[in-house]
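Spelled out from the first residue to the last, the chains are:
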Amino acid sequence: MASSLSFLATTASPFHHHHSRHPRKAARAPTHFSPSASGASTNATNASAYDIGGDKESILRLDRRNVLLGTLGGLYGAAALGRENTAVATPIGPPDLSKCKTAHAGTGAEDVKCCPPYKDNSEIVDYKFPTSSTPLRIRKPAHLLDADDLAKYEEAYRRMRALDKEDPWSLEQQARVHCQYCDGAYDQVGFNDVQLQVHFSWIFLPWHRYYIHFHERILGKLIGDDTFALPFWNWDSPDGMTIPPIFLKEGPLNDALRNPANLSRVVDYQYSPTTESPYTDEELKMKNLYQMNKTFRESLPLPELFLGDPVRAGEEASASKTMGQIESIHNAPHQFVGLPDAPFRDMGNLYSSGYDPLFYSHHSNVDRMWHIYRQKRGNKVDFNDPDWLNSSFIFFDENKQLVKVKVADCLNPLKLRYTYEDVELPWANSSIKKKQKAKAKPRSRVSLVEVSEFGPDPRPLDSTIRALVQRPKKSRTKGEKEDDVEVLVIDGIEIPDNGPVNFQVYVAAPYGGNFVGPDLGESAGNFLKLPHFHISKKGDAEKKKFSLKLGISNLIEEIDAEGSEKVVVSLVPKVGDVNIGGIHIDLIKTDWTA
Ligand SMILES: [Cu+2]
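Residues numbered from 1 in each chain as written. Predicted model: local features only at pLDDT ≥ 70, side-chain atom pairs only at ≥ 80, totals over all residues. Heavy atoms only, no water.

Caption draft 1: Just the sheet that holds strand β5 (residues 392-396), in detail. Taken together, the 3 strands give an open sheet; going across it, the order is β1-β6-β5, and neighbouring strands pair in mixed fashion. Each having just a single partner strand, β1 (124-126) and β5 make up the two edges of the open sheet. Across the sheet, the mean angle separating the axes of adjacent strands is 35 degrees when strand polarity is ignored. Bridge count for β5 against strand β6 (residues 402-406) is 5 bridges, and the pairing is antiparallel. Looking across to β6, one finds that Ser392 is bridged to Lys406. The strands that helix α8 (residues 204-222) touches are β5 and β6; relative to β5, the one it contacts most, it runs at about 15 degrees. (Pairing = 2+ DSSP bridges. Helix = DSSP H or I, 4+ residues; strand = E, 2+ residues; numbered from the N terminus. Axes fitted to C-alpha atoms, helices over the stretch in contact; angles between N-to-C directions. Contact = heavy atoms within 4.5 Å.)

Caption draft 2: Structural detail: the sheet that holds strand β16 (residues 566-575). The sheet built from 4 strands is open, its strands ordered β10-β16-β12-β14 with antiparallel pairing. Every other strand in the sheet has two partners, leaving β10 (465-470) and β14 (522-529) as the edge strands with one partner each. Each neighbouring strand pair of the sheet contributes to a mean axis angle of 25 degrees, computed without reference to strand direction. Here 6 bridges tie β10 to β16, and the two strands are oriented antiparallel to one another. Bridged to Val469 within β16 is Val567.

Caption draft 3: Expanded view of the coordination of the copper ion. Donor atoms from the polypeptide that bind the copper ion are His178 (NE2), His199 (NE2) and His208 (NE2), placed at 1.9 to 2.1 Å. If you list the donors of the copper ion from N- to C-terminus, the spacing comes out as H-x20-H-x8-H. Of the two residues, His199 and His208, neither departs from the other in class, the shared state being buried. (Donors = N, O, S within 2.8 Å, 3.2 Å for Na, K, Ca; no water. Buried < 20%, exposed > 50% of the residue type's maximum accessible area, 1.4 Å probe, protein only.)

Caption draft 4: Expanded view of the state of the cysteines. Throughout the structure, instances matching the rule amount to 2 disulfides. Bridging Cys114 to Cys179, the disulfide has an S-S length of 2.2 Å. The S-S bond linking Cys114 to Cys179 shows a torsion near -70 degrees; that makes this disulfide left-handed. Linking Cys114 in the loop between α5 (71-86) and β1 with Cys179 in helix α7 (residues 171-180), this pair joins segments that are 65 residues apart in sequence. Here the two residues Cys114 and Cys179 agree in accessibility, since each one is buried. Taken in N- to C-terminal order, the disulfide-linked cysteines of the protein are connected 1-3, 2-4. This cysteine, Cys182, is not joined by any disulfide, and Cys179 carries the nearest cysteine sulfur, 7.2 Å off. (Disulfide = S-S within 2.5 Å.)

Caption draft 5: Broad picture of the pattern of salt bridges. Counted according to the given criterion, the structure contains 35 salt bridges. A salt bridge links Glu155 to Arg158, with the shortest nitrogen-to-oxygen separation between them at 2.7 Å. With Glu155 and Arg158 both in helix α6 (residues 147-162), this residue pair falls 3 residues apart, about one helical turn. For Glu155, a relative accessible area of 23% corresponds to the partly exposed category. With its nearest N and O atoms 2.9 Å apart, the salt bridge here joins Asp167 to Lys400. Note that Asp167 is positioned in the loop between α6 and α7 and Lys400 in the loop between β5 and β6, a separation of 233 residues in sequence. Under the relative-accessibility criterion, Lys400 is labelled partly exposed at 34%. Salt bridges sharing common partners tie together Arg471, Arg476, Lys481, Glu486, Glu557 and Glu562. (Salt bridge = Lys/Arg side-chain N within 4 Å of Asp/Glu carboxyl O.)

Geometry only, nothing functional implied.
Right under this line is the structure:
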């Protein structure tokens, strides 16, 4: 894995970044993902430009450096200082637990009471992080768990399930936490009727990191094992793409409310409960690997594409923001495991997901994907923005103490005393793309179709929409691509109910003029949303519109469209009642130069 080592080497030197005479150039090096871009920097290697592989040693080194040099603390301190003088800080704040109200569960489900066991005199303290002398918990792939680890895992859930429902450690209360932060149980403090929502924005990954961190420590405490670690559902590896068998055995890891049709099938990252998949298991595995490869490749230079858009105090993320592609992908296993019809319980609906132990293992892998993403960026802070770093939440810790935590403190898992066992990343390999490409069928000139622009008015997505979309700039140079990411934006996405939504986005090069072949082109990503509460009353739908952003800089090259002024974008609906406001392409400054 020499190639992956050297990829990281270009990002791994804070000394180089900070003291180089050409900091801009040095910082830009890692953005070379175009096939011809290697060799552009002095650290360049024989690595395939597509190869975004990881390497255990360099990863560990990076983590250690982060700790030793306090890179994060330094960056953060400086940013916070600058910001305080110029603007009002508006991070998302923790909820007022005394104001918890009835939540709403989305289409077909009843209102739910999911408030925590809180009394007005309950004390809330800043979380005291485990000291560095406590054991490091090593999260392992769930499908490879040995008998000893499995026995502990089962015993922990057996005990958690046996607790009184009012006990903060109980599975009931653990599940309610997710409902509280997703389905309207809290307003943001100081903003009446603005829902506190931890999905669809840049706090999705940090909030869930803390959530499963405390869950893991509670499970460990229940069996008296301070090395206990949450196994991860390794759905980014072909062997892990079915539900791990340990969750199917009779016992505490099982859950009655799952889709019986999918118990032994391969998950599809574009899964829809209403559409029969035309793919074999082997094809699905390849498709998934390719989608993960692409997600990392396109989003490495621009964290909002991976994590989601900013959300600040007073803004409602429940239906107005762009979720990151990793969140969209993570919704697929959710929908795949949960019941396929309303109310889509357990994993299939946000309010009820936490009742299934598989949920926490699933999120262990979501968290791992973020961990890998950060490593591939040399642990550069994802958003050097005090509003992100100071966003804060409240959880019960493993001592049944209510604790307050903030995003800045969870970026390095070592501070939370856990890490991931190093396993292969089959998707991080350049050959993924080549295999896909070899399978593509030649286009037939006979069946060219004419395509027009999307038009000024919203359109219902009740059948495939194909639209010609202007690119801001054609024939972009290597340098221009390093400066700006080409981003496809689908906006004004209206979802008139609280149900599930899934549509796929494809991009194709036109054949000159307004004509395009019958095939949809390359997949650019998807919009996949679980049922959840985002519309409280009729009429609100007007105000709440999602958008979707997909990086396409690399994709444009793959479909040989760099020289095209326009591309053809296809939106293919799978489930949900959706209106689309518009489609356009933006150039957005990469994060490397910031
Ligand atoms: Cu969630």
